[in-house]
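Each chain, letter by letter, is given below.
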Amino acid sequence: MTFDGSIRNALAAIVEAIRSGYGNHAVRAQDQPDSGYDPAFVDRTAPLLEFLWARYFRVRLLGLEHIPDDGAALLVGNHSGGIPYDGAMLLHGIRREHPRHRPVRPLVANFAFRSGWMANVVARVGCVRASMETALPMLARGELVAVFPEGLRGVGKLYRERYRLARFGRGGFVRLAREAQVPLLPVAIVGAEEIHPVIGKITRFAEPLGIPYIPITPTFPWLGPLGLLPVPTKWTIQIGSPIAPPPAGDEEATSRVAETVRSAIDGMIADLLAQRRSILFG
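These notes cover the structure that comes with them. (Residues numbered from 1 in each chain as written. Predicted model: local features only at pLDDT ≥ 70, side-chain atom pairs only at ≥ 80, totals over all residues. Heavy atoms only, no water.)

Before going further, it helps to examine the packing of aromatic side chains. In this description, a pair of aromatic rings is defined by centroid distance and the angle of the planes. Evaluation of the coordinates by the stated rule reveals five aromatic pairs. Summarising the aromatic geometry, the rings of Phe51 and Tyr56 are spaced 6.2 Å apart at their centres and angled 50° between planes, so their arrangement reads as tilted. Arranged with centres 5.1 Å apart and planes meeting at 90°, the rings of Tyr56 and Phe57 form a pair that is edge-to-face. Among the aromatic side chains, those forming a connected cluster through ring pairs are Phe51, Tyr56, Phe57, Tyr85 and Trp235. When the ring centre of Phe41 is taken as origin, the NZ or CZ atom of Arg124, which lies over that ring, is 5.9 Å away. The ring of Phe168 is capped by Arg262, whose NZ or CZ atom sits 5.6 Å from the centre of that ring. (Phe/Tyr/Trp six-rings, centres within 6.5 Å; stacked < 30°, edge-to-face > 60°. Lys NZ or Arg CZ within 6 Å of the ring centre and 35° of its normal.)

Given below as structure tokens:
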């Protein structure tokens, strides 16, 4: 199969997943085994992600040695970009570059599973609802789980707020690592903050589309669907050294570890930005 054919096949798989959420025989991701995760779907859509990784965003991955060969870990990353390409690139990069080609299971906001067109796509690539109930069994099985504590605040940051970490909530990700007793791996992603320069948001018409807001960028909605194309920035993803979880039941230590993780991500972002000479060429 040619490269172009592989891309068309990947896009067809995504369309099929979207269509499966509608009609009299609609499939609900939450009713499927393993929350709808489908490794065959991941394989089929990989050429599209590979194009984005290698040719469009030209991603450089650092710190891969911190990903264990086996066993559980909780990856904690910054979040941005208006449309969450960053999560997709993190999943694809670890699966692509790691010697064991390990899959990653991201925790995502509930709104993704309330949307008919989105739910079966994110579920099939391995995403699950962000909760203790869904995450703990995966960590107990020794899986890699990813979380983005900035959540929708991170994805919806305005362009003027780029690379300023939003609040990390109340430390739920550290409590998750504490309960599972797995290491936390800080992840810094540089390049994604400029792909969709958000200058405003529309919330009034977003709910029927199953999304929290409609972004306003210099190109969208003015150029229609063409305006949704991301800027081809040069990315770097850096995985930091593992941070041990706090002892069980120690809330004070939990807060300290949450700040340690946030500071580690912030520091890596600052270092990568200092090394970068160009948004487009790195």
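What follows picks up the thread again.
Right, let's talk about the pattern of salt bridges for a bit. Any two side chains of opposite charge can pair, given that their charged atoms come close. Overall, the coordinates contain 14 salt bridges when judged by the stated rule. Between Glu143 and Arg141 there is a salt bridge whose closest N-O contact spans 2.7 Å. Measuring nitrogen to oxygen at the nearest pair gives 3.5 Å for the salt bridge that ties Glu252 to Arg256. With Glu252 and Arg256 both in helix α9 (residues 251–275) and four residues apart, this pair spans about one turn of that helix. The class for Arg256 is partly exposed, based on a relative accessible area of 47%. Through salt bridges with shared partners, a single network forms among Asp34, Arg105, Arg141 and Glu143. (Salt bridge = Lys/Arg side-chain N within 4 Å of Asp/Glu carboxyl O. Helix = DSSP H or I, 4+ residues; strand = E, 2+ residues; numbered from the N terminus. Buried < 20%, exposed > 50% of the residue type's maximum accessible area, 1.4 Å probe, protein only.)

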